[in-house]
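Each chain, letter by letter, is given below.
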Amino acid sequence: MNADASINSGKTLTVNGKINFNTKVLSGAGAFNLTSGATVYTGNSNGLAGSLANTTVTRDAAANYVFNGSVAQTISSASNSIPATITGNLVIDNPAGVTLGANKTVNTPGTFTVKANAVFYFGTGVSTNSYNINGTGNLSVESGASLFITNSNGITSDGTTGSIRLTGSRSFASGVNYTFTKSDGINQSKTGASFGSEITSVNNMAFNNPLGSRLSTNVTVNGTLSLLSGKLNTDAN
């Protein structure tokens, strides 16, 4: 869309293919219907919830959702955001950053993808603002992507702990950047058991927790290791 648009009462815009909202807003008393297999792109700072201001919004769980803005974006729990559970694909393609504002579930055959140079925050890490990606779906984190991990258990593969709880096929490129950030006044940050197993090397790694951070396993950092706040305990690693 190149301009804001409105759907009149009694009318429905049905998308069976692709629609790119850019930063524009679709509003009005009419309805919007995104069908199975369709793809929606949003560049709105409030994500899909900001792109859709219609009275009636239907988003199929088997549709694909792409966040490709040039400003910081949020994935919220609003009723016109992406569904809480999807079987389509969730793609993060925004170098300005996308922040998860609610737990989301990606089930098979869907894939959660963080594209090269995109930035993804699992919440802010402040107080209880820490959210997870759950489900039986797949994971692809491309080289150059940056993940801000806010769960105190870091990244694990058991499907029940950590920020990434996907149990399908999982791929972490060696050039990914990781920041462990948390400020809840209670928990330290742990890197998690995925390092040294499914994550064999990283580009940059940073720690930002006033209460401190801990290495769960050996980690190979090919770029820069940064301690932004707190202490880093390597234990025996």
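Note: the structure precedes this text.
Computed from a prediction, not measured in an experiment: that's the story for all the values here.

J.: With reference to specific residues and values, describe the packing of aromatic side chains.
T.: Tallied over the full model, the rule gives 7 aromatic pairs. Each ring, one from Phe 120 and one from Phe 122, has its centre 4.8 Å from the other, and the planes form 85°; the classification is edge-to-face. A relative accessible area of 0% means that Phe 122 is categorised as buried. One aromatic cluster in this structure is built from Tyr 178, Phe 180, Phe 195 and Phe 207.

J.: So, the pattern of salt bridges: which residues are in play, and what are the values?
T.: Under the defined criterion, the tally for this structure stands at 4 salt bridges. As a salt-bridge pair, Asp 184 and Lys 182 come within 3.9 Å of each other at their nearest N and O atoms. Pair check on accessibility: Asp 184 and Lys 182 agree, each one buried. Between Asp 235 and Arg 214 there is a salt bridge whose closest N-O contact spans 2.7 Å.

J.: Tell me about the nonpolar core, and name the residues and values.
T.: With 47 residues, the main nonpolar core has Leu 90, Ile 92, Phe 112, Phe 120, Leu 147 and Tyr 178 as its most contacted residues. In terms of residues, this core owes the most to one element, strand S4 (residues 26-34), which gives 3 residues. Other than its neighbours up to four places away in sequence, Leu 147 contacts Val 114, Phe 120, Phe 122, Val 141, Ile 164, Phe 172, Val 176, Asn 177, Tyr 178 and Thr 179.

J.: Can you lay out the sheet that holds strand S19 (residues 170-172) for me, pointing to particular residues and giving the numbers?
T.: Ordered by their spatial adjacency, 7 strands build an open sheet running S3-S5-S7-S10-S13-S16-S19, and the pairing between neighbours is parallel. Where the open sheet ends on each side, the last strands, each with one partner, are strand S3 (18-20) and S19. Recorded for the sheet is a direction-independent mean angle of 10° between the axes of neighbouring strands. In terms of strand pairing, strand S10 (residues 90-92) meets strand S13 (residues 111-114) through 3 bridges, oriented parallel. Bridge pairing in S13 links Val 91 to Thr 113.

The rules we used
- Residues numbered from 1 in each chain as written.
- Predicted model: local features only at pLDDT ≥ 70, side-chain atom pairs only at ≥ 80, totals over all residues.
- Heavy atoms only, no water.
- Phe/Tyr/Trp six-rings, centres within 6.5 Å; stacked < 30°, edge-to-face > 60°.
- Buried < 20%, exposed > 50% of the residue type's maximum accessible area, 1.4 Å probe, protein only.
- Salt bridge = Lys/Arg side-chain N within 4 Å of Asp/Glu carboxyl O.
- Core = buried A, V, L, I, M, F, W, Y, C linked by side-chain atoms within 4.5 Å.
- Helix = DSSP H or I, 4+ residues; strand = E, 2+ residues; numbered from the N terminus.
- Contact = heavy atoms within 4.5 Å.
- Pairing = 2+ DSSP bridges.
- Axes fitted to C-alpha atoms, helices over the stretch in contact; angles between N-to-C directions.

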